[in-house]
Amino acid sequence: MKNSVSLVLIGGFGFVGRNILDVIAQDDQFDGLDPMVIDNLTNAVPGHETLDLPSFVGGYEEADALAFLEAQRTEDCSRIFVFLAGETRVAESKDRPLDFIDANISTPSKFVMEAVQPGDHFILISTAGALFDGTFEVRTNSAYCPKNFYGATKAAEEMILEKLVDLRGGTFSVIRMTNVYGRFSDRKKSAIHAFTRAIVDGGEVFINGDGKQSRDFVYAGDVGRGIATQAKRIRDGEAYDRVNILGAGVSTTLMDVVGAIEAASGEMLNYTKVPAEELLKTEPRDVIASAEDVKILLGDQITDLADGIRLTYAYYLR
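Residues numbered from 1 in each chain as written. Predicted model: local features only at pLDDT ≥ 70, side-chain atom pairs only at ≥ 80, totals over all residues. Heavy atoms only, no water.

Chemist: Break down the overall build of the protein chain for me, citing the residues and quoting the values.
Modeler: Check the secondary structure of the protein chain and you find 10 helices and 13 strands. Relative to its length of 318 residues, the protein chain is compact, with a C-alpha radius of gyration of 19 Å against a globular reference of 20 Å. Its C-alpha atoms give the protein chain principal-axis dimensions of roughly 55 × 40 × 35 Å. Buried residues in the protein chain amount to 51% of all 318 residues. Summarising the internal contacts of the protein chain: among those between residues at least 6 apart in sequence, 80% fall at separations of at least 24. Accessible surface, the protein chain as shown: approximately 14200 Å² in total, 49% of it carbon and sulfur. Mean positive and mean negative side-chain charge positions of the protein chain (32 and 48 charges, respectively) differ by 3 Å. (Helix = DSSP H or I, 4+ residues; strand = E, 2+ residues; numbered from the N terminus. Rg over C-alpha atoms; globule rule 2.2 N^0.38 Å. Buried < 20%, exposed > 50% of the residue type's maximum accessible area, 1.4 Å probe, protein only. Contact = heavy atoms within 4.5 Å. Areas by Shrake-Rupley, 256 points an atom, 1.4 Å probe, with all protein chains shown as cover. Lys, Arg positive; Asp, Glu negative; His and termini not counted. Charge placed at Lys NZ, Arg CZ, Asp CG, Glu CD.)

Chemist: Account for the pairing of strand S1 (residues 5-10), with residues named and values stated.
Modeler: Along S1, 6 of the 6 residues are buried, which leaves the element largely enclosed by surrounding structure. By the alternation rule, side chains of S1 split into Val-5, Leu-7 and Leu-9 and Ser-6, Val-8 and Ile-10, which are all buried. Bridge count for S1 against strand S2 (residues 33-39) is 6 bridges, and the pairing is parallel. Residue pairing in the sheet places Val-8 in a bridge with Met-36 of S2. Looking at chain direction, S1 and strand S4 (residues 79-83) are connected through 5 bridges and run parallel. Note on S4: the bridge partner recorded for Ser-6 is Arg-79. (Pairing = 2+ DSSP bridges.)

Chemist: So what's going on with helix H4 (residues 149-167)? Residues and values would help.
Modeler: Given a rise of 1.5 Å per residue, 19 residues ought to cover 27 Å, and the 27 Å separating the end C-alpha atoms of H4 matches this to within 8%. By the burial criterion, the buried members of H4 are Tyr-150, Gly-151, Thr-153, Lys-154, Ala-155, Ala-156, Glu-157, Glu-158, Leu-161, Leu-164 and Val-165. For H4, the elements touching its buried residues are S4, helix H3 (97-115), strand S5 (121-127) and strand S6 (171-177). One or two steps after H4, the chain reaches Gly-169, where phi turns positive at roughly 85°. (Expected span 1.5 Å × (residues − 1).)

Chemist: Got a sec to walk through the environment of Glu-114? Specific residues and values, please.
Modeler: When you line up the elements, Glu-114 lands in helix H3. A relative accessible area of 39% means that Glu-114 is categorised as partly exposed. As a C-alpha pair, Glu-114 and Val-45 span 69 residues in sequence and 28 Å in three-dimensional space.

Chemist: I'd like a description of the environment of Asp-99, backed by residues and values.
Modeler: Following the sequence through the fold, Asp-99 ends up in helix H3. Of the residues examined, Asp-99 reaches a relative accessible area of 40% and is grouped as partly exposed. It is 28 Å that separates the C-alpha atoms of Asp-99 and Asp-216, two residues lying 117 residues apart in sequence. One polar contact links Asp-99 to Arg-96, side chain to side chain, over a distance of 3.1 Å. (Polar contact = N/O pair within 3.5 Å; in protein donor to acceptor, adjacent residues only side chain to side chain.)

Chemist: So what's going on with unusual backbone geometry? Which residues, and what values?
Modeler: In this model, Leu-41 sits at a positive phi of 70°, which is unusual for a non-glycine residue. Within the element layout of this structure, Leu-41 appears in the loop between S2 and strand S3 (55-57). The partly exposed category is assigned to Leu-41, whose relative accessible area is 27%. The backbone of Ala-276 shows a phi angle near 45°, a positive value even though the residue is not glycine. Its place among the elements puts Ala-276 in the loop between strand S13 (270-274) and helix H8 (277-281). Judged by relative accessible area, Ala-276 falls into the partly exposed class, the value being 22%.

Chemist: Which residues make up a negative patch on the surface, and what values go with them?
Modeler: Residues Glu-61, Glu-62, Asp-64 and Asp-102 make up a contiguous surface patch of negative charge. Topologically, Glu-61 is positioned in the loop between S3 and helix H2 (63-72). Note on Glu-61: relative accessible area 43%, which makes it partly exposed. (Patch = residues over 30% accessible without salt bridge, like charges linked within 9 Å, V, L, I, M, F, W, Y side chains within 5 Å. Salt bridge = Lys/Arg side-chain N within 4 Å of Asp/Glu carboxyl O.)

Chemist: So what about the packing of aromatic side chains? Which residues, and what values?
Modeler: One pass over the full model with this rule turns up 13 aromatic pairs. Plain terms: the ring middles of Phe-122 and Phe-172 are 6.4 Å apart, the flat faces sit at 10° to each other, and that makes the pair stacked. Separated by 50 residues along the polypeptide, Phe-122 in strand S5 and Phe-172 in strand S6 bring together distant segments of the chain. Both residues of the pair, Phe-122 and Phe-172, count as buried. Each member of the aromatic cluster is reached from another via a ring pair, and the members are Tyr-60, Phe-81, Phe-83, Phe-111, Phe-122 and Phe-172. A cation over an aromatic ring shows up here: Arg-18 above the ring of Phe-184, its NZ or CZ 4.3 Å from the ring centre. In this structure, Arg-318 is placed above the aromatic ring of Tyr-315, and the distance from its NZ or CZ to the ring centre is 3.8 Å. (Phe/Tyr/Trp six-rings, centres within 6.5 Å; stacked < 30°, edge-to-face > 60°. Lys NZ or Arg CZ within 6 Å of the ring centre and 35° of its normal.)

Structure (structure tokens):
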């Protein structure tokens, strides 16, 4: 009988959270990771209400959310938090900087001080792209050099929450994700999802710049498995890395993504290129994660982009 541990998913009904829940439900190696969810449903995936698991609907910062956690807590039993909440709209960070400080630093810090207990582990889900300037391959030990304010708030969040978790008697790790795509992405507006919906619906999309900027696109099912693997290692008392990256270890241009979606669908994407010079100044030109580092959680089981896009296209056809 595997040891059981409560896995508290903050924002667990959203895109990444639903993929974590799906992996745990389908893969026996994750038996004993007992999920519960706190989610305000702002970005919840349709169908979340059919899931049979303990949950609190509302903001994680609310007093009732803390009461929910306390009611679910088993005496002398540590928990693993997976923190998926926060502001992620990079382009808006320059116009609403104080909102990003609040969402990515102040409110999470207060939550840690009120919720984390001695023996708990806190996994912060962060970004592998916006923390850096796009001029080199991203490694787990790469020094922060964000090009935008969003990235600056995520760098500060990593450092501050780690120290606060330590003050609370817990342990901490961070998982930095590259560009995630795939199933349960109903509310996502990022490139692969916008392009795929346009193919399905016969709509038009805009491509910023020349379309040759590249990203490390990682399939959401792989991300769910990677996060669950980290939680399993922590639960089982195995060695784990404090800083982790989930990516594919391959960089692909937007125009190559367009080609892959067209190949999967058998249709041509209706797109227009726009200069978007001011926006592109705030974004890394290229993002690629170390192929060696992404294997720490994923091993060799990394979904090929063409296969992942076919699965994503099939999801939108359902």
